[in-house]
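# Structure assessment
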Amino acid sequence: MTKMADNSSSVEIVEGCRLPVLRKNQEHEDEWPLAEILSVKEVSGRKLYYVHYIDFNKRLDEWVTTDRLDMKKLQFPKKEAKTPTKNGLSGSRPSSPEREVRKSIDLNLPSATPPSRGKTLPTPKRKVESVPLVTQVPPVTPVPSLPSSAEASQAAVFPAVRETTTFKSREDHEQLSSLTTNGTARRLIPAQPGRKRKANCGVTDEDSQDSSDGIPSAPRMTGSLVSDRSHDDIVTRMKNIECIELGRHRLKPWYFSPYPQELTTLPILYLCEFCLKYLKSLKCLQRHLTKCNLRHPPGNEIYRKGTISFFEIDGRKNKNYSQNLCLLAKCFLDHKTLYYDTDPFLFYVMTEYDSKGFHIVGYFSKEKESTEDYNVACILTLPPYQRRGYGKLLIEFSYELSKVEGKTGTPEKPLSDLGLLSYRSYWSQTILEILMDLKPENGERPQITINEISEITSIKKEDVISTLQYLNLINYYKGQYILTLSEDIVDGHEKAMQKRHLRIDPKCLHFTPKDWSKRGKW
């Protein structure tokens, strides 16, 4: 270890360099993944390096000391062309070394970019495993060699007929299952089993963002909270807040958040847990609490059962709270982009009640008017409450609202890696719950259509189809498409449902949907 530190003194490490860096994995074992140097600074006479671990999520980025760097395998960045401007525009900053590396990767891998709008989605040659499901996709994206919709509109459920098999190419069926309503094909990163991190497991900013040709598109004008890659800058790639104190919890942010610059140098940023106002010191927070009358989020309480409540907050009527919520959420979401234009959004904040008040657990936002049937724009469970069932509760609540509105809904894409895992799990459990409750009629196997599953659950048809493909339940048997539930799937579902104690009770929901197309409602 000392030897590596000695070597570093003779070699200058600059931004864009790549080399193995020592870190602990989930089993607390030493590993040396390849990392990229994003920034260098000197504190108290010693150098610190901000590193991004290649193929890992950006939330693992951190400042490291020299003794954690393996100088023997140092890779220097490629030299840039001597052009001070970008795209010929004066005032544009030159590309950073890490951008040069990423550009070369993009150029070498043209197949990684999704197909452009209007083009036919390529369908690889393979057996009839997942083709029937694609018939449910709207005709805006043509897919060759599909059977008629009448063939696949109904499926019989065969409980435990035989063991199901896995797809030969999971990536192929993910491409088919990730079609969106506007005809654009989007590639979702499938959830990887096991605890250890694989090379392609982490969904980084480059992996998960959506762009038809690899060039950042213009921002959407519909008020979407999902990023369009225009924030792909060396400054915003680095965490700027060290620690946040929120009530009785201290949170370590995962990503950059645009809090005021003067607050980014503080060791701890203090937040009022009821109004989410940010303050620079504990004394300021204590003084604020003597004036703050809130003991719950502003807005209407539309659900309460036990200690769990949901509050509906209008982004126009409660602008300050909504903006503060977005700033907090950006610390843990990599895809948010609009922090101040909250008018077109509703925010649903989940809280846990005790004698001191209603403490925020998580939230989701949705557009007041969505042309693409989105029922969630952004969704977040705060880290202290993760892995306790609150994420699925938020998702379930979003679909309960869709049921009251009489619509089917889907989350806005792209999903983060944790978001995709949560939604996959919720969709799987919800659909399997319906299939297992089906009863045979007149001795015949029960039958159900994709449309019926969608109407019962308010899950959009495309998401129902992608989930059935993901679970590999669809089969072709004696001229018709059937759903085969193996014993493994049934047992796995029953075990999962036993652990799921938190559920939404529709009787406790007091919600009246509004027609936001009438501007007077705003």
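Structure report, in brief. These figures come from a predicted structure and were not determined experimentally.

Moving on, we get to the overall build of the protein. The number of helices and strands found in the protein is twelve helices and 21 strands. Of all 522 residues assigned to the protein, the portion counted as buried reaches 51%. In the protein, of all internal contacts separated by at least 6 residues, the share reaching a separation of at least 24 is 63%. As displayed, the protein offers around 26,500 Å² of accessible surface, 51% of which is attributable to carbon and sulfur atoms.

To continue, consider the environment of I450. Positionally, I450 belongs in helix α10 (residues 450–457). Sequence separation of I450 and E462 is twelve residues, and the distance between their C-alpha atoms is 9.4 Å.

As a further point, take the pairing of strand β15 (residues 357–367). Counting buried positions along β15 gives eleven out of eleven residues, so the element sits mostly inside the fold. The hairpin formed by strand β14 (residues 345–354) and β15 contains two residues between the paired strands.

Taken together, the side chains of V11, V14 and F76 define a hydrophobic patch exposed on the protein surface, amounting to about 230 Å² of accessible area. As for its position among the elements, V14 is in the loop between α1 (2–10) and β1 (18–20). Relative accessible area serves as the criterion here: at 31%, V14 is assigned to the partly exposed category.

How two aromatic rings sit relative to each other is set out by the distance from centre to centre and by the angle between their planes. Across all of its chains, the model carries 19 aromatic pairs by this definition. A centroid spacing of 3.8 Å and a plane angle of 5 degrees characterise the contact between F310 and F397, whose relative ring orientation is stacked. One end of the pair, F310, is in strand β13 (residues 308–314); the other, F397, is in helix α8 (residues 390–405), with 87 residues separating them in the sequence. F310 sits in the buried class, given a relative accessible area of 0%. Seen from their ring centres, F311 and F358 are 5.5 Å apart, and the 85 degrees between their planes marks the pair as edge-to-face. Of this pair, F311 sits in strand β13 while F358 sits in strand β15, placing them 47 residues apart in sequence. We classify F311 as buried; its relative accessible area is 3%. Note on F358: relative accessible area 11%, which makes it buried.

All right, on to the state of the cysteines then. Per the stated rule, a full pass over the model turns up zero disulfides. Here C326 is not cross-linked by a disulfide; its sulfur's nearest cysteine counterpart is in C378, at 7.4 Å.

Here we take up the side chain of T381. Considering the arrangement of structural elements, one finds T381 in strand β17 (residues 378–381). Exposure remark for T381: the relative accessible area of 11% places this residue in the buried category.

Once that is clear, we can look at the sheet that holds β13. Taken in spatial order, the five strands line up as β12-β13-β14-β15-β17 in an open sheet, and their pairing is antiparallel. Lying at the two open borders of the sheet, with one neighbouring strand each, are β12 (300–305) and β17. Within the sheet, the average angular offset between the axes of one strand and its neighbour, ignoring direction, is 20 degrees. Two elements, β15 and β17, share four bridges in a ladder whose sense is antiparallel. Paired with Y363 across the strands is L380, a residue of β17. Contacts from helix α7 (residues 319–330) reach β13, β14, β15 and β17, with the element oriented near 80 degrees to β14.

What follows covers the sheet that holds strand β4 (residues 34–43). If you trace the four strands from one edge of the open sheet to the other, you get β1-β4-β5-β6, paired in antiparallel fashion. Of all the strands in the sheet, the pair left with one neighbour each is β1 and β6 (62–65). Neighbour-to-neighbour, the strand axes of this sheet turn through a mean angle of 50 degrees, independent of strand direction. Inspection of the sheet shows β4 paired to strand β5 (residues 46–53) by eight bridges, in the antiparallel sense. Across the sheet, the residue bridging to V43 is R46, located in β5.

Each value, and the rule that gives it
Residues numbered from 1 in each chain as written. Predicted model: local features only at pLDDT ≥ 70, side-chain atom pairs only at ≥ 80, totals over all residues. Heavy atoms only, no water. Helix = DSSP H or I, 4+ residues; strand = E, 2+ residues; numbered from the N terminus. Buried < 20%, exposed > 50% of the residue type's maximum accessible area, 1.4 Å probe, protein only. Contact = heavy atoms within 4.5 Å. Areas by Shrake-Rupley, 256 points an atom, 1.4 Å probe, with all protein chains shown as cover. Pairing = 2+ DSSP bridges. Patch = residues over 30% accessible without salt bridge, like charges linked within 9 Å, V, L, I, M, F, W, Y side chains within 5 Å. Salt bridge = Lys/Arg side-chain N within 4 Å of Asp/Glu carboxyl O. Phe/Tyr/Trp six-rings, centres within 6.5 Å; stacked < 30°, edge-to-face > 60°. Disulfide = S-S within 2.5 Å. Axes fitted to C-alpha atoms, helices over the stretch in contact; angles between N-to-C directions.

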